[in-house]
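An overview of the molecular structure
So you can see what is in the structure, the chains are spelled out below.
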Amino acid sequence: MSAISVKNLSVDYGNQTVLNRLSFDVEKGKLTAIIGPNGSGKTTLFKAILGLIPHQGQVRIFQKPVREVLRRIGYVPQSFDFDRTLPITVREFLSFGALRHWHPSGELCKEVHVDVLMDRLIGELSGGQLQRVLIAQALLKKPDLLLLDEPSSGIDIEGAKAFYDLIKHVNHEHGLTVVLISHEINMVYSLADQIICLNRDLICNGPPRQALTKDVMEQLYGSEVSLRGHEHL
Amino acid sequence: MMDILLLPFMQRALIAGLLLGVLLALLGIFVVLRRMAFFSDGIAHASLSGVALGLLVNANPLLTALGVSALLAMLMAWLERRTKIASDAVVGLIFTAGMAAGVILISFKTGYQPDLMSFLFGNILAIRPDELWLMGVIALAVVFFLIHEYKRLALFVLNPEIALLAGIPVVAYQTLLYVIVAVAVVLGIKMLGIVLVSALLIVPVSTAKLFAKSFRSLMAWSVVISLISVLSGLVLSVYLNLPTGAVIVLCGFAIFCLTFAGKRLASTKKA
């Protein structure tokens, strides 16, 4: 069963086509990575899927229009800009969008390792800690689909590894469908069940070993980028 | 001191000051969080057209200013959503157009206009009983809304996309926030005047930010600082026979300076 079904999706900004007639499906319970060079339309694709920007074509999530299933989607945006001097604790931030009966020391907060951050101010967190808080925020509503827009940007290598372990954990243990945008090709190669390559058009779509061929990599990034075989984390 | 409080105009000023102090301080948190300081300043100036319209048609200028400002706020929210004009440019457009319309409308009215002067520079001591009732009803309704909805409002202001996915109607919240700020600003104009009204939105929260350790404490301390500014400003202005609005603003600024200096001193000692 498809968690996301996209048919002939196009997005134009003025005269410029940002996404050109994309069609693909994301299977329920799988971990899908969207890759592509800067400006290839990855974030635009997320925004179109969520109905945040005007687009042509059809998007169905769990076979329904997006508006009807917004509460079943958790979302971690690419950038989370805010006045870092504002005193908002992690506990307060999580309570802003949480269901009524959430608990800061609940299982989920422990799993995402934010239970120890509850009394810290969100403006004082490191990049990795803030990402964990954003993931917790997205998971607290118990979604069926989790969308992550470049979740490990601004985190060091060790932090990124821990982060992807966490994503793998929520995907496997909770049966959550995860779609993430990433620049770390080697990381997602070993992690994802499905890879969608984007560069305005759909360049590839399928399991990593089939989808990420040498030709596709050259088409996306030029001849200088290559995959490090099947290296695992 | 107590003798002054027996005077009806002083009692009205005190009640109005307390109501507006709480309202503007709470709302100021969201204004600062969403970086809307220019919006509040712009709507204050644009409300001149509403004041002028009221004077021209012999209606209550407070009511016409409330109506016109609310409409302009809705227009700004719509322009921000539906066009590619930058939000500060939208405010700039409405700010100057509203002000210009106000100046033209005033030019049709001859003679000295005491109401106009109280709107330009504020005169809390001249608040009439009917205005106080109107102020009280609106201020209590908005304060109740803010206390009840502060979590959802905060999330919307922090990140509208996350808020949308949390089931918050972001378009309605954006329009509502703009209208509420516009209405609160117009009410505040009676106390501080068009030129100074933004101060009570910005100064208390900026002071509280210096030491608050959570969002809830920020809300509480912003209100406390705002009330101290209003009360001390009101009493001082009566004793010193100075313009009330300006003294309230300077009291708020003095509290900010003292808090800032105290914090710097404490951090120097720690180091």
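Please refer to the structure higher up on the page.
So, here is what we can say about the structure in this document. Remember, it's a predicted structure, so these values are computed and weren't measured experimentally. (Residues numbered from 1 in each chain as written. Chains lettered and ligands numbered in written order. Predicted model: local features only at pLDDT ≥ 70, side-chain atom pairs only at ≥ 80, totals over all residues.)

**Re the overall build of chain B**
A count of helical and extended segments in chain B gives 13 helices and 0 strands. Listing every helix and strand of chain B by position from the N terminus yields α-α-α-α-α-α-α-α-α-α-α-α-α. Here chain B has a C-alpha radius of gyration of 19 Å; the compact-globule value for 271 residues is 18 Å, and the two agree. Seen along its three principal axes, the alpha-carbon backbone of chain B occupies a region of about 60 × 55 × 30 Å. Per-residue burial over chain B gives 48% buried out of 271 residues. Across chain B, every contact between residues at least 6 apart in sequence was considered, and the portion connecting residues at least 24 apart equals 74%. (Helix = DSSP H or I, 4+ residues; strand = E, 2+ residues; numbered from the N terminus. Rg over C-alpha atoms; globule rule 2.2 N^0.38 Å. Buried ≥ 20, exposed ≤ 12 C-beta atoms within 10 Å, placed from the backbone. Contact = placed C-beta atoms within 7 Å.)

**A word on the sheet that holds strand 8 (residues 194-199) of chain A**
All names here are of chain A. Spatial strand order, 5-6-7-3-8-9: 6 strands in an open sheet with mixed pairing. A strand with exactly one partner marks an edge of an open sheet, and here the two such strands are strand 5 (73-76) and strand 9 (201-206). Each strand of the sheet is rotated relative to its neighbour by a mean of 15°, with strand direction disregarded. Note that strand 5 and strand 6 (residues 145-149) share 4 bridges and pair parallel. Within the sheet, the bridge partner assigned to Tyr 75 lies in strand 6 and is Leu 147. Here helix 4 (residues 127-139) sits on the sheet and contacts strand 5 and strand 6; the angle it forms with strand 5, its principal contact strand, is near 165°. Where helix 8 (residues 214-221) meets the sheet, its contacts fall on strand 8 and strand 9, and the angle it forms with strand 9 comes to roughly 145°. (Pairing = 2+ DSSP bridges. Axes fitted to C-alpha atoms, helices over the stretch in contact; angles between N-to-C directions.)

**Focus: the sheet that holds strand 4 (residues 56-61) of chain A**
Residue and element names in this part refer to chain A. Strand order across the open sheet formed by 3 strands is 2-1-4, with antiparallel pairing between neighbours. The open sheet is flanked by strand 2 (16-27) and strand 4, the only strands paired with a single partner. The mean inter-strand angle of the sheet, taken between neighbouring strand axes irrespective of direction, is 15°. As defined by bridge partners, strand 1 (residues 2-13) adjoins strand 2 across 8 bridges and the pair is classed as antiparallel. When the bridges of strand 2 are listed, Val 11 appears paired with Leu 19.

All we've got here are geometric facts, nothing functional implied.
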